[in-house]
Amino acid sequence: MANNKGSKPAKDKRIKNNLTAYAFCAPWFIGFICFTLFPIGFMFVVSLTDRKLNGLSKFVGLLNYKNMFSSPTFWNSLKVTIMFTIIMMVVTTIWAVILAMLLNHKQRFNGIFQFCYFLPSVIPTVALAYAFRTIFGKEAGLLNAVISIFTGKNTSINWLYDTRTVYFAVFFITLFIYNTGQMMLTFRSGLNDVPRELYEACDLDGASALRKFFSVTLPMISPIVLFNAVMGCVSALNGSFALLYPLTGESGDPNGMTQVLSLLIYKEAFSNMKVGYASALSVILFIVACVFGIGIFAVSKKTVYYEN
């Protein structure tokens, strides 16, 4: 009897602690349900209707998906989205590693360089996109002006609307637009945590700088590479609209070469007023994001090194 009476206060305290923990977690769960789970479910429902921008709709089943899979525009947009995401994820991650290694060397004005590298990541993407649109402009573009000065010839290359140069321009701009600054800071903190004795052992064995990077540095920072790869993938899928819309418009000119799914969704929903069809496209974009996430974590099981 004494044990039963003694256990009741302990049980009550445990229940109270659990309720307190749930109370602290409740705001996040409420926000997740209201602003993430419900919109995703609503999107799936709307994708089965022919809903217009004015709100009128009727159930059409899988007709939107049937029309979508028979559309060359959709397949081109899906191809561009996958290519854009992979290239941007790889390019921004590699560029961030290079910047972090440069800043990891002890030299004067390191703080100033770090501030300059990080500054573009805190400026709104749309503002930077319009600034680069001016730089890469055809008639009054700064880049054409600089080339004209050095070559002595009048240069008027339409960098963002020429099929030969648009990818070069977009990929270059992405280095300054996406979260390269945050990646760089994360990589730099990871580089500082690599044990110095490992490099000393490599020096005793006569290992080259390249060998030390691939045998010591890269395995030790591989968890950070995984984290930044995921963040780069998310940024490429979610942030591509803010970058590409000011640069090449909703049609992804020239010839749809930069029309990622987010641009096509915007065009169908707000220009063509096909909200139901745009929701079906959003479902595909959601699936693409899930596939990328699953793929990255599947590869990480064999490539990421954890000390434990």
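Residues numbered from 1 in each chain as written. Predicted model: local features only at pLDDT ≥ 70, side-chain atom pairs only at ≥ 80, totals over all residues. Heavy atoms only, no water.

**Here's the deal with helix α12 (residues 261–271)**
Test applied: For the exposure calls, accessible area comes from a 1.4 Å probe over protein chains only, and a residue counts as buried if that area is under 20% of its type's maximum, exposed if over 50%, partly exposed in between. Helix and strand definitions here come from DSSP, where helices need a minimum of 4 consecutive H or I residues and strands a minimum of 2 consecutive E residues; each element is numbered from the N-terminal end.
Taken as a whole, α12 has its buried residues at Leu261, Ser262, Leu263, Leu264, Ile265, Glu268 and Ala269. Phi turns positive, to about 60 degrees, at Met273, one or two residues after α12.

**Overview of the pattern of salt bridges**
Applied cut-off: By salt bridge we mean one thing: a side-chain nitrogen of Lys or Arg within 4 Å of a carboxyl oxygen of Asp or Glu.
Summed over the entire model, instances satisfying the criterion amount to 2 salt bridges. Notably, a salt bridge pairs Asp162 with Arg164, separated by 3.0 Å at the nearest N-O pair. Across the salt bridge formed by Lys212 and Asp203, the nearest N and O atoms sit 3.0 Å from each other.

**A closer look at the packing of aromatic side chains**
Rules: Two rings belonging to Phe, Tyr or Trp (six-membered ring only in the last case) form a pair when the distance between their centres is within 6.5 Å. Interplanar angles under 30 degrees mark stacking, angles over 60 mark edge-to-face geometry, and anything in between is tilted.
Considering all chains together, one arrives at 20 aromatic pairs under this definition. Seen from their ring centres, Tyr167 and Phe171 are 5.7 Å apart, and the 10 degrees between their planes marks the pair as stacked. Pair noted here: Tyr167 and Phe171 are both in helix α7 (residues 166–177), with a separation of 4 residues, about one helical turn. Residue class for Tyr167 comes out partly exposed when judged on its relative accessible area of 25%. Look at Tyr266 and Phe270: their rings are 5.2 Å apart centre to centre, the planes differ by 40 degrees, and that puts the pair in the tilted class.

**Points about empty space enclosed by the protein**
Counted only if it meets this: Using a grid of 1 Å spacing that covers the protein atoms alone, one calls a set of points a cavity when a 1.4 Å probe fits there but cannot get out, and a pocket when the set is open and has protein on both sides within 12 Å along at least five of seven lines; lining residues are those with an atom within 4 Å of a point. Grid points are joined across faces, edges and corners, and a volume is the space filled by probe spheres set on the points. Residues were grouped as follows: Ala, Val, Leu, Ile, Met, Phe, Trp, Tyr, Cys and Pro as nonpolar; Asp, Glu, Lys and Arg as charged; and all remaining residues, including Gly, as polar.
Applying the stated criterion across every chain, the model contains 2 cavities of 30 Å³ or more. For the largest cavity, the calculated volume is near 40 Å³. Together, Thr81, Phe84, Thr85, Ala236, Leu237, Ser240, Val260, Ser262 and Leu285 line the largest cavity. At the level of secondary structure, the elements contributing two or more residues to the lining of the largest cavity comprise α3 (72–104) and α11 (222–248). Considering only enclosed or pocket space, the second largest cavity measures out at about 30 Å³ in volume. Around the second largest cavity sit Val80, Met83, Phe84, Tyr167, Val170, Leu244, Met257 and Thr258, which together line it. Elements represented by at least two residues in the lining of the second largest cavity include exactly α3 and α7. Ranked by residue count, the leading element in the lining of the second largest cavity is α3, at 3 residues. Here the lining of the second largest cavity is built from residues that sort into 7 nonpolar, 1 polar and no charged.

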